Amino acid sequence: MNDIFRIVKEQMNLKDINIVDYSPLTLAYIGDGIYEIVIRTIIVDEANRQVNKIHKAASDLVKAQTQAKMIFAIQDLLTEQEMTIFKRGRNAKAITRAKNASMSDYRTATGFEALMGWLYLTEQSERMMELIRKGLELIGEEN
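Report on the accompanying structure. (Residues numbered from 1 in each chain as written. Predicted model: local features only at pLDDT ≥ 70, side-chain atom pairs only at ≥ 80, totals over all residues. Heavy atoms only, no water.)

**As for the overall build of the chain**
Working step 1: Looking only at helices and strands, one finds seven helices and zero strands in the chain.
Working step 2: Counting from the amino terminus, helix and strand elements in the chain follow one another as α-α-α-α-α-α-α.
Working step 3: By the compact-globule yardstick of 15 Å for 143 residues, the chain fits well, its C-alpha radius of gyration being 15 Å.
Working step 4: In terms of overall dimensions, the chain has C-alpha extents of about 40 × 35 × 30 Å along its principal axes.
Working step 5: Out of the 143 residues in the chain, the part that is buried amounts to 38%.
Working step 6: Expressed as a percentage of contacts within the chain between residues at least 6 apart in sequence, the contacts between residues at least 24 apart total 69%.
Working step 7: Summing over all exposed atoms, the chain offers an accessible surface of approximately 8,900 Å²; the carbon and sulfur share of this is 51%.
Working step 8: The averaged location of the 20 negative side-chain charges in the chain is 8 Å from the averaged location of its 19 positive side-chain charges. (Helix = DSSP H or I, 4+ residues; strand = E, 2+ residues; numbered from the N terminus. Rg over C-alpha atoms; globule rule 2.2 N^0.38 Å. Buried < 20%, exposed > 50% of the residue type's maximum accessible area, 1.4 Å probe, protein only. Contact = heavy atoms within 4.5 Å. Areas by Shrake-Rupley, 256 points an atom, 1.4 Å probe, with all protein chains shown as cover. Lys, Arg positive; Asp, Glu negative; His and termini not counted. Charge placed at Lys NZ, Arg CZ, Asp CG, Glu CD.)

**Points about a nonpolar patch on the surface**
Working step 1: A cluster of nonpolar residues, Ile4, Ile7, Val8, Met12 and Leu14, forms a patch on the protein surface that exposes about 430 Å² of accessible area.
Working step 2: Relative to the elements of secondary structure, Ile4 occurs in helix H1 (residues 4-11).
Working step 3: Relative accessible area serves as the criterion here: at 42%, Ile4 is assigned to the partly exposed category. (Patch = residues over 30% accessible without salt bridge, like charges linked within 9 Å, V, L, I, M, F, W, Y side chains within 5 Å. Salt bridge = Lys/Arg side-chain N within 4 Å of Asp/Glu carboxyl O.)

**Some words on the packing of aromatic side chains**
Working step 1: Overall, the coordinates contain two aromatic pairs when judged by the stated rule.
Working step 2: Here the aromatic rings of Phe5 and Tyr120 are separated by 5.3 Å at their centres, their planes lie at 65°, and the arrangement is edge-to-face. Of this pair, Phe5 sits in helix H1 while Tyr120 sits in helix H6 (residues 103-121), and the two are 115 residues apart along the sequence.
Working step 3: Here Phe5 falls in the buried class, since its relative accessible area comes to 8%.
Working step 4: Residue classification places Tyr120 among the buried residues on the basis of a relative accessible area of 8%.
Working step 5: Aromatic pair Tyr35 and Phe112: ring centres 5.1 Å apart, planes at 90°, arrangement edge-to-face. Taken together, the residues Tyr35 in helix H2 (residues 24-46) and Phe112 in helix H6 connect sequence positions 77 residues apart. When sorted by exposure, Tyr35 lands in the same class as Phe112, which is buried. (Phe/Tyr/Trp six-rings, centres within 6.5 Å; stacked < 30°, edge-to-face > 60°.)

**Concerning the packing of H2 against helix H3 (residues 51-62)**
Working step 1: Between H2 and H3, whose axes approach to 10 Å, the crossing angle comes to 135°. With respect to H3, the axis of H2 lies oblique. For the crossing formed where H2 meets H3, the hand is right-handed. Of the residues in H3, those in contact with Tyr35, Glu36, Ile39, Arg40, Ile43 and Val44 of H2 are Ile54, Ala57, Ala58, Leu61 and Val62. (Axes fitted to C-alpha atoms, helices over the stretch in contact; angles between N-to-C directions. Parallel < 35°, antiparallel > 145°, perpendicular 65-115°, else oblique. Left-handed = near helix turned anticlockwise from the far one by under 90°.)

**Here we look at unusual backbone geometry**
Working step 1: Its identity as a non-glycine residue notwithstanding, Asn13 has a phi of 55°, on the positive side.
Working step 2: Tracing the backbone shows Asn13 in the loop between H1 and H2.
Working step 3: Of the residues examined, Asn13 reaches a relative accessible area of 69% and is grouped as exposed.
Working step 4: Even without being a glycine, Glu123 presents a positive backbone phi close to 60°.
Working step 5: Position of Glu123 among the secondary structure elements: in the loop between H6 and helix H7 (125-139).
Working step 6: The class for Glu123 is partly exposed, based on a relative accessible area of 31%.

See below:
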């Protein structure tokens, strides 16, 4: 299976990256986007329905509280390196926070997003999907 990151890099002529140069908040930024794409894909696959209902379903799964639940549910499955990436993201000093989330949930979600971003940028999409699938199962959000 081709990794989407590799395809984007090749098609857009992007240079190779040194992942250690990326801040945890940069990892969280890309992780937020790729996680939302995965969630939207799952929701659209479930049924063709009104866009506002699709948006509500997606919003419930991408909010900080749900991401915090997911990382707690899967933390025992993480490798040592994955846990380190999560902690770097969680402990990063963000200037802003989500409107409807506690600071604890927001920081934990930032760690989750950093992990998703790191997995994406290191071309470990299958591992990312495995963790998302297991997290959704464990928190009871998947059919």
